[in-house]
Amino acid sequence: MMVRVLCVLLMFMGVAPVLAQNGPLRIEITEGVIEPLPFAVPDLVAETPASVQMGQQIARVIAADLTGTGLFRELPASAHISRVTDFGAPVQYADWKAINAQALVTGAVNVQGDQVVVKFRLYDVFAGTELGDGLQFVGTVDGWRRIAHKVADAVYSRITGEGGYFDSRVVYVSETGSKAERRKRLAIMDYDGANVQYLTGSEAIVLAPRFSANGDRVLYTSYETGFPRIYVLDVGSVQRRVLESQEGTMSFAPRFAPNGRTVVYSLSQNGNTDIYSMDIATSQAQRLTNAPSIETAPSFSPDGSQIVFESDRSGSQQLYVMSASGGEARRISFGDGRYGTPVWSPRGDLIAFTKQSKGRFHIGVMRVDGSEERLLTASFLDEGPTWSPNGRVIMFARETQGAAGRTSLYSVDITGRNLRPVRTPEGGSDPSWGPLQP
Amino acid sequence: MKLKTSIVMICVALSLGACSGANRFGNEAGGTASGAAINGVVPGSASDPRSAAYFQQAVGDRVLFAVDQSTLSPAGQVTLDGQAAWLLTNTDYTAVIEGHADEQGTREYNLALGARRADAARAYLVSKGVAGNRLQVVSYGKERPIEVCSDEACYAKNRRAVTVLAGGLTS
């Protein structure tokens, strides 16, 4: 758990870092990539005999990260002409051009005790230049995957101009058992499904964990008292405490404000569900909506000034936006069907949602004013979107139909491309994608 | 402490529900009336009219709802009339009313919908004279289906409010 990754600029003697400006090695994600960019990542050069295996493993994770975006295509080692055996030696551009590798990632790894030092460089093969400076990461042997993700984030970021998302974690609900006897417990994992750890037992139903903006805490709903109540869990210590709540009420659907001090949530009393906010430190609660209809699933805008939520005040479930202090709300969803579980993107530009229409469920996105609705998926039951830290990918849960129905996690680009299962040891639902780790 | 007891009771009721066919006590109108008037009643069994089992099976412990609705049907009201009468007679029982939804909805919305359904049943019982402090509500949303197919036949049975007894001299 205690992984420290240091990021240090390498000063390579005699090699002036060349920054490619508007060079040919560039992917514009917004345009949607038809043809993935071919790249090569040979095994990292092992600086000691003990580093050989690590060099192979790190190269594989870098390749999996990049390939998994759908934006890149790996040229396998069997196709390589050049072998990279010396991290400092000049790159044989002609050999990489010959196999049409547009990007080349080289690296070196040095394992000493429980410490790993990784250096890497990114080359624009056809321009015959290095893209950005060489970087060095220092971490622990246990945290080697994080170093690989850091390298892949740097590569992704330099080529796309977008922030990365590989060195991030996801909290979700891990599910076992048949539909009628489902057992749920909170779990946390790397974004790619590796390093799963369980944060709670499955004695009581747990639902919808939500990361704080900096990833230090998780809010979730648990039935451990017999009634749904909201808990806040410290990710580092796995200590948790229940939020104050009034006798005879139920609270659920919590989310942090970007400042991490305020929680918005739903409270049901006498059959009516409204949205409240609470200062975590003082337990001071404030009612934000006051209507006989259902108001739930609140989510803050990234600047903390507004809240998007769902309500059936019009007669069916729809999306609304209101000020973070409550008051008048404006409806933003007007399409055919029901809209729920809105989540504001970390960039602030889009709202992801679940849509139910004609017996099918969809994950979709719309602009903040409700325009330009786009449905990204369709299935028997897709639900509960969460945003990657860079606002380019959405993770969600899909449940299959029928008595043997099973829930698992998927991700999809906001372009609607690259729908992929996220492999977890058990079933999974209610994912919440945390921030890029420092 | 009181809370603890009711949790235990919920668990007992749920496991009962899991191992017997839902049809056994899924009759909205209640009253299969079989075995109700037999001499030599076994205390706590369904033939003991003061027992939770009797409440569950003979009175009928649940009411069903239409899609996305929390309005009580006429049949549901008949069941609740029976529940109210029973609770007014058997005053040593308290109850937790569980609201449930079918799987065709998002998680949070279904929790809120289950809360509406449970409260509709509770409000009806209170209107018939059952003391409000004997009746708690909880919503499970779509978390605890009793029927698992993905068809209306199952959905109809999952959209329910179930009155789960706690306390009582026998169990």
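Everything quoted here is computed from the prediction, not taken from an experiment.

Looking now at the overall build of chain A. Scanning chain A from N- to C-terminus turns up 3 helices and 32 strands. Relative to a compact globule of 438 residues, whose C-alpha radius of gyration would be 22 Å, chain A shows 23 Å and is just as compact. Once the C-alpha set of chain A is aligned to its principal axes, its extents read approximately 75 × 45 × 45 Å. Per-residue burial over chain A gives 58% buried out of 438 residues. Surface exposure of chain A reaches about 17,500 Å², of which carbon and sulfur atoms provide 49%. Looking at charge distribution, chain A has the averaged site of its 42 positive side-chain charges lying 2 Å from that of its 45 negative ones.

Below, the discussion takes up the packing of aromatic side chains. Counted according to the given criterion, the structure contains 18 aromatic pairs over all chains. An angle of 25 degrees between the planes, with centres 6.1 Å apart, marks the rings of Tyr265 of chain A and Tyr276 of chain A as stacked. Note that Tyr265 of chain A is positioned in strand β17 (residues 262–269) and Tyr276 of chain A in strand β18 (residues 272–279), a separation of 11 residues in sequence. The same class applies to Tyr265 of chain A and to Tyr276 of chain A, which are both buried. Aromatic pair Phe55 of chain B and Trp86 of chain B: ring centres 4.9 Å apart, planes at 55 degrees, arrangement tilted. Taken together, the residues Phe55 of chain B in helix α2 (residues 52–60) and Trp86 of chain B in helix α3 (residues 74–89) connect sequence positions 31 residues apart. For the residue pair Phe55 of chain B and Trp86 of chain B, the accessibility class agrees, reading buried in each case.

So, about the sheet that holds strand β32 (residues 427–436) of chain A. Residues and elements named next belong to chain A. Across the sheet, which stays open at both edges, the 4 strands sit in the order β11-β10-β9-β32 with antiparallel pairing between neighbours. Two strands lie at the open edges of the sheet, namely β11 (197–198) and β32, each paired on one side alone. Both strand β9 (residues 168–176) and β32 contribute to a ladder of 6 bridges, which runs antiparallel. Note on β32: the bridge partner recorded for Val171 is Ser432.

This brings us to the state of the cysteines. All names here are of chain B. What the rule picks out here adds up to 1 disulfide over all chains. Paired through a disulfide, Cys149 and Cys154 show a sulfur-sulfur distance of 1.9 Å. In this structure, the disulfide formed by Cys149 and Cys154 twists by about 120 degrees around the S-S bond and is classed as right-handed. In this structure Cys154 comes out as buried when scored by relative accessible area, which is 7%.

Bringing the side chain of Asp119 of chain B into the picture now. In this fold, Asp119 of chain B is placed in helix α4 (residues 107–127). It turns out Asp119 of chain B is buried and unbridged, and the closest side chain with the opposite charge, Arg122 of chain B, is 4.8 Å from it. Excluding residues within four positions of it along the chain, Asp119 of chain B makes contact with Asn270 and Gly271 of chain A together with Val137 of chain B.

Let us now look at the nonpolar core. Within the largest apolar cluster, 47 residues are counted, with the highest numbers of intra-cluster contacts made by Ile58, Ile62, Phe120 and Ile159 of chain A. Looking at this core, the element that brings in the most residues is helix α3 (residues 144–160) of chain A, giving 9 residues. Counting contributing residues, this core receives three or more from each of domain 1 (6–25 + 36–160) and domain 2 (169–436) of chain A. Filtering out sequence-adjacent residues up to four positions away, Phe120 of chain A remains in contact with Phe87, Val105, Thr106, Gly107, Gly134, Leu135, Phe137, Val151, Ala154, Val155 and Arg158 of chain A. In terms of nonpolar packing, the next biggest core, distinct from the first, is built from 43 residues, Ile294 of chain A together with Leu72, Ala112 and Leu125 of chain B among them.

Here we come to the domain arrangement of chain A. Residues and elements named next belong to chain A. Domain boundaries assigned for chain A yield domain 1 (6–25 + 36–160) and domain 2 (169–436). The centre of domain 1, based on its C-alpha atoms, is set 36 Å off from the matching centre of domain 2. With 8 residues of domain 1 at the contact, the number on the domain 2 side is 11 residues. Approximately 670 Å² of surface area, both sides summed, lies buried where domain 1 meets domain 2, with 37% of it carried by carbon and sulfur atoms. Here domain 1 is connected to domain 2 by 1 salt bridge. Asp192 serves as the salt-bridge partner of Arg145, at 2.7 Å between the closest nitrogen and oxygen. At the junction of domain 1 with domain 2, the criterion picks out 6 residue pairs in polar contact (both at pLDDT 80 or more).

Moving on, we come to the confidence of the model for chain A. With 93% of its residues at a pLDDT of 70 or more, chain A shows a mean pLDDT of 93. Within the model, pLDDT remains below 50 along residues 1–22 of chain A, and this stretch shows 42 contacts once partners closer than five positions in the same chain are excluded.

As a further point, take helix α1 (residues 52–68) of chain A. Residue and element names in this part refer to chain A. Over its 17 residues, α1 runs 24 Å from end to end, which matches the ideal 24 Å to within 8%, given 1.5 Å per residue. Among the residues of α1, those classed as buried are Met54, Gly55, Ile58, Ala59, Val61, Ile62, Ala63, Asp65, Leu66 and Gly68. Buried positions along α1 lie against β2 (37–40), β4 (72–74), β5 (103–112), β6 (115–124), α3 and β31 (420–422).

Before going further, it helps to examine the pattern of salt bridges. In the structure shown here, the tally under the stated rule is 30 salt bridges over all chains. Taken together, the shared-partner salt bridges connect Glu175, Arg182, Lys184, Glu399 and Asp430 of chain A together with Arg107 and Glu143 of chain B into one network.

Attention now moves to unusual backbone geometry. Phi at Glu372 of chain A takes a positive value of approximately 55 degrees, unusual for a residue other than glycine. Glu372 of chain A gets classed as exposed once you look at its relative accessible area, which sits at 55%. Of note, Asp68 of chain B is a non-glycine position whose phi angle comes to about 60 degrees, a positive value.

So, on to the packing of α1 of chain A against α3 of chain A. Residue and element names in this part refer to chain A. It is at 8 Å that the axes of α1 and α3 come closest, and there the two elements cross at 45 degrees. As judged from the angle between their axes, α1 and α3 are oblique. As α1 runs across α3, the sense of the crossing is right-handed. Contacts from Met54, Gln57, Ile58, Val61, Ile62, Asp65 and Leu66 in α1 reach Trp144, Arg145, Ala148, His149, Val151, Ala152, Val155 and Tyr156 in α3.

Glancing now at the sheet that holds strand β24 (residues 338–344) of chain A. Across a sheet, strands are paired by hydrogen bonds formed along the backbone, either parallel or antiparallel in direction. All names here are of chain A. Read from one edge of the open sheet, 4 strands run β24-β25-β26-β27, paired in antiparallel fashion. Where the open sheet ends on each side, the last strands, each with one partner, are β24 and β27 (374–375). In the sheet, strand β25 (residues 350–357) pairs with strand β26 (residues 360–367) via 8 bridges, with the strands oriented antiparallel. Note on β26: the bridge partner recorded for Gln356 is Phe361.

Procedures and definitions
Residues numbered from 1 in each chain as written. Chains lettered and ligands numbered in written order. Predicted model: local features only at pLDDT ≥ 70, side-chain atom pairs only at ≥ 80, totals over all residues. Heavy atoms only, no water. Helix = DSSP H or I, 4+ residues; strand = E, 2+ residues; numbered from the N terminus. Rg over C-alpha atoms; globule rule 2.2 N^0.38 Å. Buried < 20%, exposed > 50% of the residue type's maximum accessible area, 1.4 Å probe, protein only. Areas by Shrake-Rupley, 256 points an atom, 1.4 Å probe, with all protein chains shown as cover. Lys, Arg positive; Asp, Glu negative; His and termini not counted. Charge placed at Lys NZ, Arg CZ, Asp CG, Glu CD. Phe/Tyr/Trp six-rings, centres within 6.5 Å; stacked < 30°, edge-to-face > 60°. Pairing = 2+ DSSP bridges. Disulfide = S-S within 2.5 Å. Salt bridge = Lys/Arg side-chain N within 4 Å of Asp/Glu carboxyl O. Contact = heavy atoms within 4.5 Å. Core = buried A, V, L, I, M, F, W, Y, C linked by side-chain atoms within 4.5 Å. Domains from an automatic or database assignment. Buried area = accessible area lost by both parts, 1.4 Å probe. Polar contact = N/O pair within 3.5 Å; in protein donor to acceptor, adjacent residues only side chain to side chain. pLDDT = per-residue confidence, 0-100. Expected span 1.5 Å × (residues − 1). Axes fitted to C-alpha atoms, helices over the stretch in contact; angles between N-to-C directions. Parallel < 35°, antiparallel > 145°, perpendicular 65-115°, else oblique. Left-handed = near helix turned anticlockwise from the far one by under 90°.

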